[in-house]
Amino acid sequence: MLNPNSVTFPEDVRLLEPPDVERAVRICLEGHMEGCTISQMDEEDVRRMMQKAAWREGVVVAVSPAGKDFGGLVGLQPAKIWYGADDQWYWTDLGIYVLPDYRKKRLGLKLMRFCQWWATHTGAPVYFSLLPHVDLDRKIKLFSRYGRLVGATFLIDGG
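What this report covers is the structure whose coordinates are included nearby.

Parameters at a glance
- Residues numbered from 1 in each chain as written.
- Predicted model: local features only at pLDDT ≥ 70, side-chain atom pairs only at ≥ 80, totals over all residues.
- Heavy atoms only, no water.
- Helix = DSSP H or I, 4+ residues; strand = E, 2+ residues; numbered from the N terminus.
- Rg over C-alpha atoms; globule rule 2.2 N^0.38 Å.
- Buried < 20%, exposed > 50% of the residue type's maximum accessible area, 1.4 Å probe, protein only.
- Contact = heavy atoms within 4.5 Å.
- Areas by Shrake-Rupley, 256 points an atom, 1.4 Å probe, with all protein chains shown as cover.
- Lys, Arg positive; Asp, Glu negative; His and termini not counted.
- Charge placed at Lys NZ, Arg CZ, Asp CG, Glu CD.
- Phe/Tyr/Trp six-rings, centres within 6.5 Å; stacked < 30°, edge-to-face > 60°.
- Lys NZ or Arg CZ within 6 Å of the ring centre and 35° of its normal.
- Pairing = 2+ DSSP bridges.

Some points on the overall build of the protein
Phase 1: The helix and strand tally for the protein stands at four helices and five strands.
Phase 2: For the protein, the α and β elements follow one another from N to C terminus as β-α-α-β-β-β-α-β-α.
Phase 3: The C-alpha radius of gyration of the protein comes to 15 Å, within 12% of the 15 Å expected for a compact globule of 159 residues.
Phase 4: With the principal axes as the frame, the protein shows a C-alpha extent of 50 × 40 × 30 Å.
Phase 5: Here the protein, with 159 residues, has 36% of them falling under the buried criterion.
Phase 6: Here the contacts in the protein between residues at least 6 apart in sequence split such that 63% fall between residues at least 24 apart.
Phase 7: Here the protein has roughly 10,100 Å² of accessible surface; of this, 53% comes from carbon and sulfur atoms.
Phase 8: Charge-centre separation for the protein: the mean point of 20 positive side chains lies 7 Å from the mean point of 20 negative side chains.

Shown next as structure tokens:
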């Protein structure tokens, strides 16, 4: 992972720090209520993941704006296709969410630019899964500004 002390992050974005964990958990809770379609949320699991990010334990969470009252975050974790070569790692999203009061400040765009920056600086691509309740077409259009569509997700639930 990058040494956060040795790089300059994109404008108005920084990595999550230990004092930020509870705010990050609250933002994740709100984001889940607004947009998740596939599962219930385990608050303690989210807290553990945010703590891992804050302590630089293999998970990355970037927040914006860069102050203590950040209103949006994006989380990334390393992954590898099980049959892939040892050097073919990529980053997959934990999620991206911007609180409604911060959306006009274009924080989502800053967080997406961070993902581009992260892919460049780590040498590994970033993959996102979009599973929203609403506005899928609008979100695909937004994400298409920063990357390309490379697949699809299907839910087969036996029902």
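That covers the picture; the talk isn't over yet.
Observations regarding the packing of aromatic side chains
For any pair of aromatic rings, geometry is given as the distance between the ring centres together with the angle between the planes.
Phase 1: On inspection of all chains with the given rule, the structure shows nine aromatic pairs.
Phase 2: Taking the centre distance of 6.2 Å and the plane angle of 40 degrees together, the rings of W117 and W118 count as tilted. An identical accessibility class is assigned to W117 and W118; each is buried.
Phase 3: By way of ring pairs, the aromatic residues F9, W91, F114, W117 and W118 are connected into one cluster.
Phase 4: Just above the ring of F70 sits the side chain of R23; from NZ or CZ to the centre is 5.4 Å.

Here we look at the pairing of strand β3 (residues 72-80)
Phase 1: The pairing of strand β2 (residues 60-64) with β3 spans five bridges and is classified as antiparallel. The residue bridging V63 from the neighbouring strand is L73, located in β3.
Phase 2: Where β3 and strand β4 (residues 89-98) come together, nine bridges link them in antiparallel fashion. The residue of β4 that forms the bridge with A79 is Y90.

What to know about the sheet that holds β4
Phase 1: Taken in spatial order, the five strands make up an open sheet running β1-β2-β3-β4-β5, and their pairing is mixed. In the strand order of this sheet, the two ends are held by β1 (14-15) and β5 (126-127), each with one partner.
Phase 2: The pairing of β4 with β5 spans two bridges and is parallel. Bridge pairing in β5 places W91 opposite V126.

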